[in-house]
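Examining the three-dimensional arrangement
Spelled out from the first residue to the last, the chains are:
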Amino acid sequence: MTSHVVNESTVVLAIETSCDETAASVVMGGNDILSSVVSSQIEIHARFGGVVPEVASRAHLEALIPVVNAAITEAGILPSRVDVVAATAGPGLIGALLVGVSAAKSLALVWDKPFVGVNHLEAHLYAGLLDDPTLQFPLVVLLVSGGHTMIIEMRGHGDYVIMGRTIDDAAGEAYDKVARYLQLGYPGGPAIDKLAPSGNPHAVEFPRAMMHDGLDVSFSGLKTSVINYVKKNPDVSNVDVAASFQAAVVDVLCAKTIRAAQKVGAKGIVLGGGVSANSLLRSEMTARGAAAGFPVALPSRDMCTDNAAMIAAAAWHRLASDGPTNLSCGAYPNLKLDAVPR
Ligand code: KG4
Ligand code: ZN
């Protein structure tokens, strides 16, 4: 592997198209965000109650060039100032990923600049570091998104150990499925987040699965409990059910993450992924982390959900350690956290 000289003035243009956000961002020096443009497809997919892959790919194709142009314009730079072009190479929807990877490789080729294919999961870890680059390793990162739920020990840049993960549904998936059952709208996470503070989190004591059993988590049983409870108690308030469901999810995530941090003597806890935009998770993790002696870094809400600034930050670090990615790099729908796209 050949490393590559990167420094505080290296400008990365990054593209993110792994799921239902078309995003582009210009970041200098690995953490100075000059622009971050996100065009969401939520309204397009809402009527289907979830992301339709073929529809997502077509929408990325339409949105990508205007989004990239907007990112360059908002950054106040000329295209010639871009030193590196990066794109999410996986994991994600294959057709959606291909749009961003193909566009980034074409720009790199035409501009004669290096290309970096980025691992989307690694980029979510960098979202927390973007806001506070002074964080010290080892860190424990709770990565909670629509497709993944993992507790990760981050020992250094590119050095990860997965300590725990969901054995069934991801946390965001559980939010989305419960919200859909309660007819609260799509995506479910923000809908429940908004509603839950008006409800009683102790109205129903939903199970905290595997609470005292290692660092893995499980949310499928909780989702079934919610459905069974509502079937048996049709008059129960949706708001109380949402609040009680959310209390159970957050309780398990906080307890397990703090236990992981204690196990490895972490210097801090970092949240990442769409569910880390959740108000209760943010406040509970901050309070319980502080009580256990761990500072908790919360990415700004815009950095929790999919964006391209985190892709640029991860690309900057990967370029320094591994050098550019070959232009024969493909799109990898099932890329694992520790895999570097080639
Ligand atoms: O990281 P992300 O934008 O996309 C993936 O890589 O999956 O995460 C999307 C997930 C969805 O399941 C959405 O419902 C959830 O994050 N989410 C939230 C909140 N905002 C987004 N879950 C709980 N509370 C929120 N405020
Ligand atoms: Zn994501």
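Residues numbered from 1 in each chain as written. Chains lettered and ligands numbered in written order. Predicted model: local features only at pLDDT ≥ 70, side-chain atom pairs only at ≥ 80, totals over all residues. Heavy atoms only, no water.

**Concerning the site of ligand 1**
As a structural note, the neighbourhood of ligand 1 is formed by 18 residues, with Gly-146, Asp-176, Gly-189, Asp-193 and Gly-274 the closest of them. Backbone polar atom of Gly-146 to an oxygen atom of ligand 1: 2.8 Å apart, as the coordinates give it. Between an oxygen atom of ligand 1 and a main-chain N or O atom of Asp-306, the distance comes to 3.2 Å. Across the complex, the protein chains shield 87% of the 550 Å² of accessible surface that ligand 1 would expose by itself. Sorting the residues of the shell around ligand 1 by element identifies helix H4 (120-131), helix H5 (171-181) and helix H6 (188-195) as the ones contributing at least two each. Ranked by the residues each element gives to the shell around ligand 1, the list is headed by H6, at 3 residues. Tallied by class, the residues present in the shell around ligand 1 amount to 4 nonpolar, 11 polar and 3 charged. Three or more residues apiece are contributed to the shell around ligand 1 by two domains, here domain 1 (11-126 + 304-322) and domain 2 (136-302). (Near = heavy atom within 4 Å. Polar contact = N/O pair within 3.5 Å; in protein donor to acceptor, adjacent residues only side chain to side chain. Areas by Shrake-Rupley, 256 points an atom, 1.4 Å probe, with all protein chains shown as cover. Helix = DSSP H or I, 4+ residues; strand = E, 2+ residues; numbered from the N terminus. Nonpolar A, V, L, I, M, F, W, Y, C, P; charged D, E, K, R; others polar. Domains from an automatic or database assignment.)

**Describing the coordination of the zinc ion (ligand 2)**
For the zinc ion (ligand 2), the full set of protein donor atoms is His-120 (NE2), His-124 (NE2) and Asp-306 (OD), at a range of 2.0 to 2.2 Å. Here the zinc ion (ligand 2) is ringed by 4 donor atoms whose angles at the metal span 93 to 138 degrees, and the overall shape comes out irregular. Each donor residue of the zinc ion (ligand 2) lies on the same chain, and together they follow the pattern H-x3-H-x181-D. Taken together, the residues span a long stretch of sequence, with His-124 in helix H4 and Asp-306 in the loop between helix H10 (301-304) and helix H11 (309-322) at a distance of 182 residues. Accessibility expressed as a relative area gives 14% for Asp-306, which makes it buried. (Donors = N, O, S within 2.8 Å, 3.2 Å for Na, K, Ca; no water. Tetrahedral: all angles 85-135°; square planar, octahedral: opposite > 155°, others 65-115°. Buried < 20%, exposed > 50% of the residue type's maximum accessible area, 1.4 Å probe, protein only.)

**Let's talk about the sheet that holds strand E4 (residues 84-90)**
Two pairing modes exist for strands in a sheet, parallel and antiparallel, and in both the strands are linked by backbone hydrogen bonds. The strand order across the open sheet formed by 5 strands is E3-E2-E1-E4-E5, and the pairing between neighbours is mixed. Across the chains shown, the open sheet's two edge strands, defined by having one partner strand only, are strand E3 (32-40) and strand E5 (115-119). Strand-to-strand twist of the sheet, defined as the mean angle between neighbouring strand axes without regard to direction, takes the value 20 degrees. Relative to E3, strand E2 (residues 21-28) is paired through 8 bridges, and the arrangement is antiparallel. If you follow Glu-21 over to E3, its bridge partner there is Ser-40. Relative to the sheet, helix H2 (residues 53-75) contacts strand E1 (11-16), E2 and E3, its axis offset from that of E2 by approximately 25 degrees. Lying over the sheet, H11 contacts E1, E2, E3, E4 and E5, oriented at roughly 125 degrees with respect to E1. (Pairing = 2+ DSSP bridges. Axes fitted to C-alpha atoms, helices over the stretch in contact; angles between N-to-C directions. Contact = heavy atoms within 4.5 Å.)

**Here we look at helix H9 (residues 279-291)**
With 13 residues, H9 extends 18 Å from end C-alpha to end C-alpha; this agrees with the ideal 18 Å at 1.5 Å per step. Among all positions in H9, only Leu-281, Arg-282, Met-285 and Gly-289 are buried. Mapping the buried residues of H9 onto a view down its axis gives an arc of 100 degrees, with all of them on the same face. Facing away from the buried side of H9 by more than 90 degrees, the exposed set consists of Ala-290 and Ala-291. Residues of H9 that are buried in the fold lie against strand E6 (139-144), helix H8 (238-264), strand E9 (268-272), strand E10 (296-297) and H10. Where H9 begins, the capping side chain belongs to Asn-278, and its oxygen is found 3.1 Å from the backbone nitrogen of Leu-280. Looking at the residues trailing H9, positive phi occurs at Gly-293, about 90 degrees. (Expected span 1.5 Å × (residues − 1). Arc of directions from axis to C-beta.)

**A word on H6**
Along an α-helix, residues three or four positions apart point the same way, because every turn accommodates 3.6 residues. Within H6 the residues assigned to the buried category are Gly-188, Gly-189, Ala-191, Ile-192 and Asp-193. Here the buried face of H6 lies against H5, H8, H9 and H10.

**Focus on the packing of H2 against helix H3 (residues 94-111)**
Where H2 meets H3, the closest approach of the two axes is 9 Å, and the angle between their N-to-C directions is 40 degrees. In terms of their interaxial angle, H2 and H3 are classed as oblique. As H2 runs across H3, the sense of the crossing is right-handed. Along its contact with H2, which presents Ser-57, His-60, Leu-61, Leu-64, Val-68 and Ile-72, the element H3 presents Gly-95, Ala-96, Val-99, Gly-100, Ala-103, Leu-107 and Trp-111. Partitioned by chemical class, the residues of the contact of H2 with H3 number 9 nonpolar, 4 polar and no charged. (Parallel < 35°, antiparallel > 145°, perpendicular 65-115°, else oblique. Left-handed = near helix turned anticlockwise from the far one by under 90°.)

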